[in-house]
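Report on the structure
Chain by chain, the residues:
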Amino acid sequence: MKKAAKILIPVLCVLLIGAAFGGYVWYNKTYHPSKWLAEGDDAMQVVDAYQQSLEALPDMENTWQEALPQTVIHDLVEAHFAAPLPEGKTEKKAIVIGYDGCLVDTFRLLGTAKKSAINMLLKQQNGHAIFTYAGGVNYPGENTQATSTAPGWCSMLTGVLADVHHITNNGQPKEVEPKTLLLSLVEDGTVDKSAFYVSWDGHFSKKSATYYPEKVYARQEGVNAPYRRALFDPGTKLNILHDLKKKDCSDFIFSTLEYTDHAGHSSGFSLGNVKYVSAFRDADATGADIIAAIENRPSYDSEDWLILITTDHGGIGVSHGGSSMEERITFIVSNKEIPTAAETE
Ligand SMILES: [Zn+2]
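Counting starts from 1 at the beginning of each chain's written sequence and moves along it residue by residue. Given that this is a predicted model, residues contribute local features only at a pLDDT of at least 70 and side-chain atom pairs are listed and counted only at 80 or more, while totals for whole chains, interfaces and linings are drawn from all residues.

**Side note on the sheet that holds strand β6 (residues 252–257)**
Strand order in the open sheet formed by eight strands is β1-β3-β8-β7-β2-β6-β4-β5, with mixed pairing between adjacent strands. The open sheet is flanked by β1 (68–69) and β5 (227–229), the only strands paired with a single partner. One bridge is not enough; two strands pair if DSSP finds at least two bridges between them. Under the scheme used here, helices are H or I runs from DSSP no shorter than 4 residues and strands are E runs no shorter than 2 residues, and both carry numbers assigned from the N terminus. Bridge analysis of β1 against strand β3 (residues 128–133) gives two bridges, and the strand direction is parallel. Following the sheet pairing, Leu68 is matched in β3 by Thr132. Each residue is represented by a C-beta atom placed from its backbone, and any two residues with such atoms within 7 Å are regarded as in contact. A fitted line through C-alpha atoms serves as each axis, taken over the contacting stretch for helices, and the angle formed by two N-to-C directions is quoted from 0 to 180°. Sheet strands touched by helix α9 (residues 233–245): β4 (194–198), β5 and β6. Its angle to β6, the strand with the most contacts, is close to 165 degrees.

**Quick word on the pairing of β3**
Summarising burial for β3: six of the six residues are buried, a large majority. Put plainly, a residue is buried at 20 or more neighbouring C-beta atoms within 10 Å of its own, exposed at 12 or fewer, and partly exposed in between, counting only other residues' C-beta atoms, which are placed from the backbone. Here β3 shows no split at all, with His128, Ile130 and Thr132 on one side and Ala129, Phe131 and Tyr133 on the other all buried. Relative to strand β8 (residues 329–334), β3 runs antiparallel, the two being bridged by six bridges. Note on β8: the bridge partner recorded for Phe131 is Phe331.

**Side note on α9**
Given a helix with a known number of residues, its expected span is that number minus one, times 1.5 Å. Over its 13 residues, α9 extends 18 Å from the first C-alpha to the last, a length consistent with the 18 Å expected when each residue adds 1.5 Å. Buried within α9 are the following residues: Asp233, Thr236, Lys237, Asn239, Ile240 and Leu244. Buried residues along α9 cover an arc of 160 degrees about the axis, so they all sit on one side. Against β4, β5, β6, α10 (259–267) and α11 (274–295) lie the buried residues of α9. Comment: arc refers to directions from the helix axis out to C-beta atoms.

**Concerning unusual backbone geometry**
With an omega dihedral of 5 degrees, the bond running from Tyr139 to Pro140 counts as a cis peptide bond. Residue position: Pro140 is located in the loop between β3 and α5 (149–158). Cis rather than trans, the peptide bond between Glu177 and Pro178 has omega equal to -10 degrees. The phi torsion at His166 lies on the positive side, around 65 degrees, for a residue other than glycine. Inspection of the secondary structure assignment puts His166 in the loop between α6 (162–165) and α7 (181–187).

Okay, structure coming up:
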């Protein structure tokens, strides 16, 4: 026994020392602050890679640093209706087609798209695309409002930010004031009829929804502005196409499609996610059908249409609301010129 102990004890000692050393190495590799720094460096590289991917987008007219606030949607629509009718045109119309939660780097997919509303607009003589931003302030400044759905669309529909419209998150019913374009354009006599087509129930379909009080007000006051919700995006498309088939279709249409937002939340806001890529293709193909329906209107030649495609925010991982570039840098594509920041000053 004594002989065995003489061998066993040193062996055990060596094993213990080995285990302690191994544990120390593992700890340092996994949890040591130097490891966090290395991860920090990796994170910086990811940010740089996303910036570089935005800088490489060929269709954008401004840089992401020159991005305009998403409220510019409101101003573009108002300016369109305020401008004189071009020669040969007898009526003005406008539509906003929103791709909810659409990363701007989806533009990298346009080259391989079979059916794309964005490509349709960019191919037009005055087709333009610009960077915009959600969150109230451009990256890398601190967000003044969440990159969430309700604050985003509300900023576009009212032309003001959350400090004025007070919509800081989803599930907050907005006061009727400040009025959205859907109400203001009809009430001031700019247009005869506007329409709001969506499938998300957070817009106006439940009492906690953003525009629920506005929908009630519109009905009570007899404002010619229907708020229609379909169960899913194909239903939203059908509602829009049905409207566009009418001889006297809505003069201003505001719509959102949920394809990209749903895919992002369920499996990731990323071009590396085939489901997200496919959702973008679905949204952009739906947009293409809507634009084709506009162009096929018998009275199209005498109508002066403003067509805008935009998004309320991007996303990172499976969520959004924060201040990363992926969540904050958005876009507008238009069939008409978009005054850049320098021109609007
Ligand atoms: Zn959204």
